[in-house]
Amino acid sequence: MKFGKEFTSQMVPEWQEAYMDYNFLKTLLKEVERFKQGSKPPATPARLKRKLTLHRAFSGLTHFARNGHLTCSSESDIEIQAILVHSVERNGFAGYETTFLKLGEEGAEYELVYFRRLDDELNKVDKFYRSKVEELMIEAASLNKQMDALIAFRVKVENPQGLFDSSAEMNHLSMDVATSAAATTPSRARASSKCKPNSIRGTRPAPLQILDRVKMNNTVETPCSTIKGFLNPDQLTALYFTRENLKRVEQKLKKAFIEFYHKLCLLKSYSFLNILAFSKIMKKYDKIASRNASKSYLKMVDESYLGSSNKVSKLMERVEATFIKHFCNSNRSKGMNILRPKAKKERHRVTFSLGFFAGCTAALILSLILIICTRHLLKLKEEGEKYMENMFPLYSLFGFIVLHMLMYAGNIYFWRRYRVNYSFIFGFKQGTELGYREVLFLGFGLAVLALASVLLNLEQTDPETEDYIAFTELLPLGLLVLVIVILICPLNIIYRSSRFFFLKCLFHCFCAPLYKVTLPDFLVADQLTSQVQAFRSLEFYICYYGWGDYKHRQNTCKTNVVYNTFYFIVAVVPYWSRLLQCLRRLFEEKDLMQAYNGVKYISTIVAVSVRTAYSLDKGMGWRIVAWVSSTIAAITGTYWDLVFDWGLLQKHAKNRWLRDKLLVPHKSVYFGAMVLNVLLRFAWLQTVLDFQLSVIHREGLIAIVASLEIIRRGIWNFFRLENEHLNNVGKFRAFKSVPLPFNCDEDDEKDG
């Protein structure tokens, strides 16, 4: 792989703009190369070269060159002085500037442009690196305070009665913290290195007195804690010295150290990659321009803050030592495995299984079509009606799930292709995120089970009683139970981490607004709003197998008042959950846009409820109200999708009617997606227009409309996350914020 592609592939996606623009510098060097080749005299034939060398003046046997170069020629000295590199002061920032000394040569303007842009790139990279190091040093100081508080908290929990000299023990532990703080502030590090153990009391605050200025951070984790925090906010910030609280504090601080170490690794990689890029581009320049300028320029790079600062490396060592001692019981191998998890490897068995299940799915679909055609099952009105009214809604649930999984797999593929950092945006634990192959494997595996059940369940009646065989009629229910069991299975099988992550987000959605709303939570809630028909299928499962006669494929669900009532409720639940999330964010973030978003979901709830009422009543009044409410909901939803969720329809953007930055190179993709979103948003027209086809059953049309909404959501997912990724890139947000366990007062340094 060429260095340019390798350089791009190893970039932190959110910092792309902060890296050295290697590709643009290469284009400038190509301009230099074109000029050099265009002005280069024709090559001298080899025989003529040989003859000219024989006619050259004799240099003598005793006239040696110094340092390997001829003294009679000052060519090497001239080449060394091709550039002059020096530091300059720009707006209070120490930068670097290169003076090109060969301006008298023909075509020197091309090289001058190259060096000016090269200096700009170095100054940009150096400034960004310096700012990020300063941010991490501030965060390291905060972690120092957290560690001081943790050690004091640990002493209070493990020795509540003061059975040993807590001051001596704390002095011993404080030495560890002081050592770990060495890389945070150089002055503090030098002071702590000079201090003797018996002088710590005079230079540091009394260890246990730290807790007088510390409160527990109000990080809501359960619905109960949310309610308690609302009724009595001070209760959650009080310190309770119990082992449960100690364990909770240690877990939070452990996560904070892991994330902090990850930041240090990314910053170290940033420094290494950029220094390597400057080395590569200067060697390429030397080769093209036939000069020897890389040595002096790379010396300046090494002397810059980017190349000379060792704060990150030292801080990494201190973090490793602290983490291993205080969170891994001094087990270094265990600690390093946690801090540096191994990269996820692509497994061939997943690819093989994916291909196998995909082939089985295609074969089962073909078999199903042939059986239906040869047995003329669609022409049997009574049997066909029974099947479509009773069995089809059961199996359509799995179709909706499989389709959503296929769309999600496609999203992952294109996110990776266009370098959208979806794992960071979702907050997946490193190494546990699923790739598109794993999602396709799960989707096709479920499709095989569902299609096999459909084939076994087509025509299975007892010849004597003419009842349907109970075993085959219970296949859909058995498959549903199997899916639920696998989803909640606590064993470490079938991607447990991803399953539990999904279940946690799902639980947060249904418990809204009792949980703090995170991006994965409301994205999952958005997915649920596109699975309304799947929720209704689940309701039908309960009614059909609970009160229906499944042996004769008969049910009275649609004439049951309770069923029809819940038919409204299950359709509204996803939108209601999303509305409560908007209200929670409005309360916490004071963002008025969340109020507008909540109004959008209220209009959708009204539209869905009215359309449901019309589907049950068919009155003209309901039809008019359904038309009006659904049109309003569709227009507001479409506008919100395009403008706020996708960030498009910007009139004065560089890409007119799109946005300034686009990841997909073809603009037509965005315009096509916008048009398709509008069309699919109005798929509800089928329910209001009572559009019927003689060859498609009403349940089939409902399933098609529901599938179109899932497809729309899949398209929406890609552009929604692309917009989120670009927002992170614009703000250089490459790290997730981890809540710290303690809230330390800022006056503690003054008191000390």
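Placed above this text is the structure.
Residue indices begin from 1 for each chain and proceed along its sequence in written order. Local features in this predicted model are restricted to residues whose pLDDT is 70 or higher, and side-chain atom pairs enter the listing and the counts only when it is 80 or higher, whereas totals over whole chains, interfaces and linings include all residues. Based on all heavy atoms of the structure, the side-chain values leave hydrogens and waters out of the count.

### Considering the packing of aromatic side chains
And then number 1: Here a pair means two rings of Phe, Tyr or Trp (six-membered ring of Trp) with centres within 6.5 Å. Their orientation is stacked below 30 degrees between planes, edge-to-face above 60, and tilted elsewhere. Throughout the structure, instances matching the rule amount to 43 aromatic pairs.
And then number 2: A centroid spacing of 5.9 Å and a plane angle of 35° characterise the contact between F682 and W684, whose relative ring orientation is tilted.
And then number 3: Put simply, the rings of F3, F7, W15, Y19, Y22, F128, Y129, Y270 and Y305 touch in pairs and so form one group of aromatic residues.
And then number 4: Only Lys NZ and Arg CZ are tested; either one counts as a charge over a ring when it is within 6 Å of the ring centre and within 35 degrees of the ring normal. Lying across the ring of Y567, R536 places its NZ or CZ 4.1 Å from the centre.
And then number 5: If you follow K590 out to its NZ or CZ, it ends over the ring of F587, 5.0 Å from the centre.

### Details of helix α27 (residues 620-645)
And then number 1: If you check α27, its first and last C-alpha atoms are 35 Å apart, about what 26 residues at 1.5 Å a residue would give, namely 38 Å.
And then number 2: Relative accessibility decides the category of a residue: with a 1.4 Å probe and only protein chains considered, values under 20% of the type maximum give buried, values over 50% give exposed, and everything between is partly exposed. Numbering of helices and strands runs from the N terminus, with a helix taken as a DSSP run of H or I at least four residues long and a strand as a DSSP run of E at least two residues long. The complete set of buried residues in α27 reads A626, S629, S630, A633, A634, G637, T638, W640, D641, L642 and D645.
And then number 3: In what follows, a contact means two residues having at least one pair of non-hydrogen atoms within 4.5 Å. On its buried face, α27 is in contact with α26 (592-617), α28 (667-681), α29 (685-689) and α30 (698-730). Given the number of residues in a helix, its expected span is that number minus one, multiplied by 1.5 Å.

### Digging into unusual backbone geometry
And then number 1: Note the cis peptide between A512 and P513, where omega equals 5°.
And then number 2: Inspection of the secondary structure puts P513 in the loop between α22 (496-510) and α23 (519-529).
And then number 3: At R553, a position not held by glycine, the phi torsion is positive, near 55°.
And then number 4: Looking at where R553 falls in the secondary structure, it is placed in the loop between α24 (532-547) and α25 (561-589).
And then number 5: Residue class for R553 comes out buried when judged on its relative accessible area of 2%.
And then number 6: Of note, K590 is a non-glycine position whose phi angle comes to about 55°, a positive value.

### Thoughts on a positive patch on the surface
And then number 1: Candidate patch residues must exceed 30% relative accessible area and have no salt bridge, after which like charges are joined if within 9 Å and Val, Leu, Ile, Met, Phe, Trp or Tyr side chains if within 5 Å. In short, Shrake-Rupley with a 1.4 Å probe defines the accessible areas, and a residue's cover is counted only from the protein chains shown. Criterion for a salt bridge: a side-chain nitrogen of Lys or Arg within 4 Å of a carboxyl oxygen of Asp or Glu. When charges are counted, Lys and Arg contribute as positive and Asp and Glu as negative, whereas His and the chain ends are disregarded. In plain terms, the charge of a residue is placed at NZ if it is Lys, CZ if Arg, CG if Asp and CD if Glu. On the surface, K2, K5, K30, K280, K283, K284 and K287 cluster together into a patch of positive charge.
And then number 2: Top contributing element to the positive patch by residue count: helix α11 (residues 243-289), with four residues.
And then number 3: Mapped onto the fold, K280 is located in helix α11.

### Comments concerning a nonpolar patch on the surface
And then number 1: A cluster of nonpolar side chains, L449, L482, I486, L491, I493 and I494, forms an exposed patch at the surface whose accessible area comes to about 490 Å².
And then number 2: Relative to the helices and strands, L449 resides in helix α19 (residues 436-456).

### Some thoughts on the packing of helix α17 (residues 381-417) against α19
And then number 1: Where α17 meets α19, the closest approach of the two axes is 8 Å, and the angle between their N-to-C directions is 165°. On the basis of the axis angle, α17 is roughly antiparallel to α19. α17 and α19 meet at a crossing whose hand is left-handed. For the pair α17 and α19, the contacting residues are Y387, Y395, F398, I401, V402, M405, L406, Y408, A409, I412 and Y413 in the first and Y436, V439, L440, L442, G443, F444, L446, A447, A450, S453 and V454 in the second. Axis angles are defined between N-to-C directions and span 0 to 180 degrees, where every axis is a line fitted to C-alpha atoms and, for a helix, only to the segment in contact. Oblique is the label for any angle not under 35 degrees, not over 145, and not in the 65 to 115 range, which are roughly parallel, roughly antiparallel and roughly perpendicular in turn. Less than a right angle of anticlockwise turn of the near helix away from the far helix marks a crossing as left-handed, whereas a clockwise turn marks it as right-handed.

### Thoughts on the state of the cysteines
And then number 1: Criterion for a disulfide: a pair of cysteine sulfur atoms at a distance within 2.5 Å. What the rule picks out here adds up to one disulfide.
And then number 2: Two residues share a disulfide in this structure: C543 and C557, whose sulfurs sit 2.0 Å from each other. Taking the sign of the torsion about the S-S bond as the criterion, the disulfide between C543 and C557, at about -115°, is left-handed. A residue pair is termed long-range when its members are at least 10 positions apart, and C543 in helix α24 and C557 in the loop between α24 and α25 qualify at 14 residues.
And then number 3: Residue classification places C557 among the buried residues on the basis of a relative accessible area of 1%.

### Structural notes on the pattern of salt bridges
And then number 1: Per the counting criterion, the structure on display carries 26 salt bridges.
And then number 2: Note that E139 and K263 form a salt bridge whose closest N and O atoms lie 2.9 Å from each other. Taken as a pair, E139 in helix α5 (residues 108-158) and K263 in helix α11 lie far apart in primary sequence, 124 residues in all.
And then number 3: Taking the relative accessible area as the measure of exposure, K263 reaches 9% and is therefore buried.
And then number 4: Here R584 ties to E588 by a salt bridge, and the two come within 2.7 Å at their closest N and O atoms. Highlighted residues: R584 and E588, both in helix α25, separated by four residues, approximately one helical turn.

### Topic: the environment of R417
And then number 1: Residue position: R417 is located in helix α17.
And then number 2: The spacing of R417 and L663 is 246 residues in sequence and 9.7 Å in space, taken between C-alpha atoms.

Any functional reading would require information beyond the geometric quantities listed.
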